[in-house]
Amino acid sequence: MPEGKPWYRAVFDAELAVGFVMLSWNVPPNPPEIIGPWYLWKLIVDRRYQGRGYGRAIIAKVVEIVRAEGAETLLTSYALGPDNPGPFYQHVGFSPTGDVNIDGEIIIALKL
Ligand SMILES: CC(C)(COP(=O)(O)OP(=O)(O)OC[C@H]1O[C@@H](n2cnc3c(N)ncnc32)[C@H](O)[C@@H]1OP(=O)(O)O)[C@@H](O)C(=O)NCCC(=O)NCCS
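None of these values were measured; they are calculated from a predicted model. (Residues numbered from 1 in each chain as written. Predicted model: local features only at pLDDT ≥ 70, side-chain atom pairs only at ≥ 80, totals over all residues. Heavy atoms only, no water.)

Trainee: Account for the pattern of salt bridges, naming residues and giving values.
Mentor: For the structure on display, the rule yields two salt bridges. A salt bridge links Asp-46 to Arg-48; its shortest N-O distance comes to 2.8 Å. Given the relative accessible area of 57%, Arg-48 is considered exposed. Residues Lys-61 and Glu-64 are paired through a salt bridge, measuring 3.3 Å at the closest nitrogen-oxygen approach. One end of the pair, Lys-61, and the other, Glu-64, are both in helix H1 (residues 54-67), three residues apart, so they sit about a helical turn from each other. On the basis of relative accessibility, which here comes to 44%, the residue Lys-61 falls in the partly exposed class. Overall, the relative accessible area of 48% leaves Glu-64 in the partly exposed class. (Salt bridge = Lys/Arg side-chain N within 4 Å of Asp/Glu carboxyl O. Buried < 20%, exposed > 50% of the residue type's maximum accessible area, 1.4 Å probe, protein only. Helix = DSSP H or I, 4+ residues; strand = E, 2+ residues; numbered from the N terminus.)

Trainee: Let's hear about the layout of surface pockets: which residues, and what values?
Mentor: In this approach a probe as big as a water molecule rolls over the atoms, and the regions it shows empty are the leftover space. Reported here for the largest pocket is a volume of approximately 980 Å³. If you go around the largest pocket, you meet 38 residues; those closest to its centre are Lys-42, Leu-43, Ile-44, Pro-85 and Tyr-89. Looking at the lining of the largest pocket, the elements with two or more residues in it are strand E3 (39-45), H1, strand E4 (73-78) and helix H2 (86-91). Considering each element in turn, the lining of the largest pocket owes the most residues, seven residues, to E3. Residue composition of the lining of the largest pocket, grouped by class: 19 nonpolar, 11 polar and eight charged. Here the second largest pocket defines a volume of roughly 200 Å³. Lining the second largest pocket we find 14 residues, and of these Val-11, Phe-12, Ala-57, Ile-58 and Lys-61 sit closest to its centre. Residue assignment for the lining of the second largest pocket shows that the elements contributing at least two residues are strand E1 (6-13), strand E2 (16-24) and H1. (1 Å grid on protein atoms, 1.4 Å probe; cavity = no way out; pocket = protein on both sides within 12 Å on 5 of 7 lines; lining within 4 Å. Points joined across faces, edges and corners; volume = space filled by probe spheres on them. Nonpolar A, V, L, I, M, F, W, Y, C, P; charged D, E, K, R; others polar.)

Trainee: How would you sum up the nonpolar core? Please name residues and give values.
Mentor: Membership of the largest hydrophobic core comes to 23 residues, with the highest contact counts inside it found for Val-21, Ile-59, Leu-74 and Phe-94. Looking at this core, the elements with two or more residues in it are E1, E2, E3, H1, E4 and strand E6 (106-111). With six residues, H1 is the single largest residue contributor to this core. With residues up to four places along the chain from it excluded, the contact list for Phe-94 reads Ile-59, Leu-74, Leu-75, Thr-76, Tyr-89, Ile-108, Ala-109 and Leu-110. With five residues, the next largest nonpolar core counts Ile-35, Leu-75, Ile-107 and Ala-109 among its residues. (Core = buried A, V, L, I, M, F, W, Y, C linked by side-chain atoms within 4.5 Å. Contact = heavy atoms within 4.5 Å.)

Trainee: I'd like a description of the site of the ligand, backed by residues and values.
Mentor: The ligand sits among 15 residues. The nearest are Leu-43, Val-45, Gly-53, Arg-56 and His-91. Within the backbone of Leu-43, one N or O atom sits 2.6 Å away from a nitrogen atom of the ligand. Gly-53 has a polar backbone atom sitting 2.7 Å from an oxygen atom of the ligand. Relative to its free-state accessible area of 930 Å², the ligand is covered by the protein chains to the extent of 63%. Given that more than half its atoms are within 2 Å of the pocket grid, the ligand belongs to the largest pocket. Looking at the shell around the ligand, the elements that each hand over two or more residues are E3, H1 and H2. (Near = heavy atom within 4 Å. Polar contact = N/O pair within 3.5 Å; in protein donor to acceptor, adjacent residues only side chain to side chain. Areas by Shrake-Rupley, 256 points an atom, 1.4 Å probe, with all protein chains shown as cover. Sits in = over half its atoms within 2 Å of the grid points.)

Right, here's the structure in full:
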């Protein structure tokens, strides 16, 4: 989906690969398909290393990176269901925007 302008990185703690993150990088928004300009598209911490602060640290690093590009809001979304990451995102500062994406996922925002 190149029109989503994917930017992606493996996440390491020293030599240890702990996760993966992908953003839409300053993408022209075209809702409900394309949410932007700064959209956290994927965030995955290896199951073995969850609950150790990596997710929070990855969000903090992403915030630092996109702020340096002039971003004012970081958006993301999640699907409802068992073990959905909504409580995690709320815990690290995201709030609902009231919108949903094309898959019916709840869109949330972090003011930078
Ligand atoms: C969601 C996910 C990224 C969180 O990463 P993590 O490294 O386990 O989270 P952290 O250890 O950094 O937790 C940060 C804080 O959020 C809290 N938290 C984490 N998951 C939570 C949950 N499901 N409900 C409530 N609070 C949660 C932690 O208690 C912690 O609180 P604290 O900083 O006050 O101690 C990770 O569990 C994951 O990869 N899940 C599977 C994939 C996924 O759902 N990705 C997101 C959608 S693409």
